[in-house]
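Each chain, written out:
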Amino acid sequence: MDVELRQLRCLVAIVDEGTFTDAAIALGVSQAAVSRTLASLERALGVRLLRRTSRTVAPTATGLRVVAHARRVLGEVDGLVREARSGHTRLRIGYAWSALGSHTPAFQRHWAAAHPETDLHLVRVNATTAGLAEGACDLAVLRRPLEDRRFDSAIVGLERRLCAMAADDPLASRRSIRLADIGDRTLLVDRRTGTTTPELWPPGSRPATEETQDIEDWLNLISTGRCVGMTAESTAHQYPRPGVVYRPVRDAEPIAVRLGWWRDDPHPAGQAVIELITALYRTG
């Protein structure tokens, strides 16, 4: 027999109210219904959950554990219901490494002023879809095309490519560099969410690579001078780091900044977000 939410609510109500009578009042049902529901739960679990006397009701040792689990389950269900009912009053925007770079504070301020009815939350999820597939966000800032047909996207801006290197690197004294300057270096890449691959270089002059999966590891390794990195301009604004400098790569194509969403379930605020971010990149 499956355990039902109404059974868990009944058990918690009995424990919280102290008697079957008071639990029935709290639940808006009859005392007989409370007794039947508890009995069905005990049959489903195959254990006794409560000790009953003429005056008191107390959980057994097993009952205490079940009540604790029941509270967590009911809390999760209540949260699910709130999320479903109020999802459009909250807007979660995911990103993998950097949100909107130097435009992030302006975007947050403009959004709060223009749309006070919709709470904005920026969520960092280092995954291919920046949290869309995981359900962690409603929209996602992306810097590589979405190949999954479940999602749609729009380009909202362009960012320069920068090379990240140790502050004492010989190239750090230059104002900008070319791709050929780092063709013989080791390039640190994140193949899941990163924007740079060896294919950016011509065949025969591509750098060796090492892999990482997190911005902190990426910065820490680059600061040692063992590797260099290539990234979007927003990373430099969001992650300034002592020991690491960023230099523009003047012969590398810019990176398209995309906003992605579920194709069959777009957030009502999506168009307003696209328009605001596009305007910030255009004027920035």
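Structure: see above.
Here the structure is a predicted model, which is why all the values come from computation and not from measurement. (Residues numbered from 1 in each chain as written. Predicted model: local features only at pLDDT ≥ 70, side-chain atom pairs only at ≥ 80, totals over all residues. Heavy atoms only, no water.)

A.B. asks: Would you take a moment to explain the nonpolar core for this structure?
C.D. replies: Soluble globular proteins tend to pack their nonpolar side chains together in the buried interior. Counting 21 residues, the largest nonpolar core has Phe107, Leu259, Val273 and Ile277 as its most contacted members. Where this core is concerned, the elements lending two or more residues are strand S3 (90-95), helix H5 (104-114), strand S5 (139-142), strand S12 (255-262) and helix H8 (270-283). Residue contributions to this core peak at six residues, all from H8. Other than its neighbours up to four places away in sequence, Val273 contacts Leu91, Ile93, Phe107, Trp111, Leu139 and Leu259. By size, the runner-up hydrophobic cluster in this structure holds 19 residues, among which are Leu11, Ala13, Leu50 and Ala70. (Core = buried A, V, L, I, M, F, W, Y, C linked by side-chain atoms within 4.5 Å. Buried < 20%, exposed > 50% of the residue type's maximum accessible area, 1.4 Å probe, protein only. Helix = DSSP H or I, 4+ residues; strand = E, 2+ residues; numbered from the N terminus. Contact = heavy atoms within 4.5 Å.)

A.B. asks: Is there a simple way to think about the side chain of Glu159 in this case?
C.D. replies: Of note, Glu159 is situated in strand S6 (residues 151-159). Its relative accessible area of 5% is what places Glu159 among the buried residues. A distance of 3.1 Å separates polar atoms of two side chains, one belonging to Glu159 and the other to Ser234. (Polar contact = N/O pair within 3.5 Å; in protein donor to acceptor, adjacent residues only side chain to side chain.)

A.B. asks: Help me understand the sheet that holds S6, please; the structure alone is not making it clear to me.
C.D. replies: Adjacent strands of a sheet pair through backbone hydrogen bonds, lying either parallel or antiparallel. Sheet architecture is open: five strands sit in the order S4-S3-S5-S12-S6, paired in mixed fashion. Every other strand in the sheet has two partners, leaving strand S4 (119-124) and S6 as the edge strands with one partner each. Sheet twist, expressed as the mean angle between neighbouring strand axes with direction ignored, is 25°. Relative to S5, S3 runs parallel, the two sharing three bridges. Its bridge partner being in S5, Tyr95 is matched across the sheet by Val141. (Pairing = 2+ DSSP bridges. Axes fitted to C-alpha atoms, helices over the stretch in contact; angles between N-to-C directions.)

A.B. asks: When you look at the environment of Val3 in this model, what are you seeing that I'm missing?
C.D. replies: Here Val3 lies in the segment before helix H1 (5-17). Taking the relative accessible area as the measure of exposure, Val3 reaches 41% and is therefore partly exposed. Spatially, the C-alpha atom of Val3 lies 7.9 Å from that of Leu45, the residues being 42 residues apart in sequence. Excluding its chain neighbours within four sequence positions, the residues that come into contact with Val3 are Leu8, Leu41, Ala44 and Leu45.

A.B. asks: Help me understand the packing of helix H2 (residues 20-27) against helix H3 (residues 31-45) in this model?
C.D. replies: How two helices pack is summed up by the angle between their axes together with the distance between the axes. At a minimum axis separation of 8 Å, H2 and H3 run at an interaxial angle of 100°. Comparing the axis directions of H2 and H3 gives the class roughly perpendicular. For the pair H2 and H3, the contacting residues are Phe20, Thr21, Ala23, Ala24 and Leu27 in the first and Gln31, Val34, Ser35 and Leu38 in the second. Its residues placed into classes, the contact of H2 with H3 shows six nonpolar, three polar and no charged. (Parallel < 35°, antiparallel > 145°, perpendicular 65-115°, else oblique. Nonpolar A, V, L, I, M, F, W, Y, C, P; charged D, E, K, R; others polar.)

A.B. asks: Would you mind going over H8 with me for this structure?
C.D. replies: The first and last C-alpha atoms of H8 sit 20 Å apart over 14 residues, in line with the 20 Å expected at 1.5 Å per residue. Those residues of H8 that sit buried are Gly270, Val273, Ile274, Leu276, Ile277, Leu280 and Tyr281. (Expected span 1.5 Å × (residues − 1).)

A.B. asks: So what exactly am I meant to see when it comes to the packing of aromatic side chains here?
C.D. replies: Aromatic ring pairs are described here by two measures, namely the spacing of the ring centres and the angle between the planes. Enumeration according to the criterion identifies three aromatic pairs in this entry. With a centroid separation of 4.6 Å and an interplanar angle of 65°, the aromatic rings of Phe151 and Trp262 are classed as edge-to-face. With a gap of 111 residues between them, Phe151 in strand S6 and Trp262 in strand S12 connect regions that are remote in the sequence. The class of Phe151 is buried, set by a relative accessible area of 2%. Assessed through its relative accessible area of 23%, Trp262 is described here as partly exposed. (Phe/Tyr/Trp six-rings, centres within 6.5 Å; stacked < 30°, edge-to-face > 60°.)

A.B. asks: Hey, could you run me through the pairing of S3 in this one?
C.D. replies: In regular strands, side chains alternate between the two faces of the sheet. Extensive coverage of S3 is indicated by the burial of five of its six residues. Bridge count for S3 against S4 is six bridges, and the pairing is parallel. What sits directly across from Arg90, in S4, is Asp119. Regarding topology, H5 serves as the crossover connection from S3 to the parallel S4, and that connection is right-handed. (Right-handed = clockwise from strand over helix to strand, strands pointing away.)

A.B. asks: Please clarify how the sheet that holds strand S10 (residues 229-232) should be interpreted in this entry.
C.D. replies: Taken in spatial order, the three strands line up as S10-S7-S11 in an open sheet, and their pairing is antiparallel. The sheet is open, and its two edges are formed by S10 and strand S11 (244-248), each paired on a single side. Each adjacent strand pair in this sheet contributes to an overall mean axis angle of 35°, direction not counted. Sheet topology note: the strand S7 (residues 161-166)/S10 ladder contains four bridges and is antiparallel. Each bridged residue has a counterpart across the sheet, and for Ala164 the counterpart in S10 is Gly229.

A.B. asks: Quick question: what am I supposed to make of unusual backbone geometry here?
C.D. replies: Note on backbone geometry: most residues besides glycine have negative phi, and most peptide bonds are trans. Phi is positive for Ala130, close to 55°, though the residue is something other than glycine. Relative to the helices and strands, Ala130 resides in the loop between S4 and S5. Judged by its relative accessible area of 1%, Ala130 is buried.

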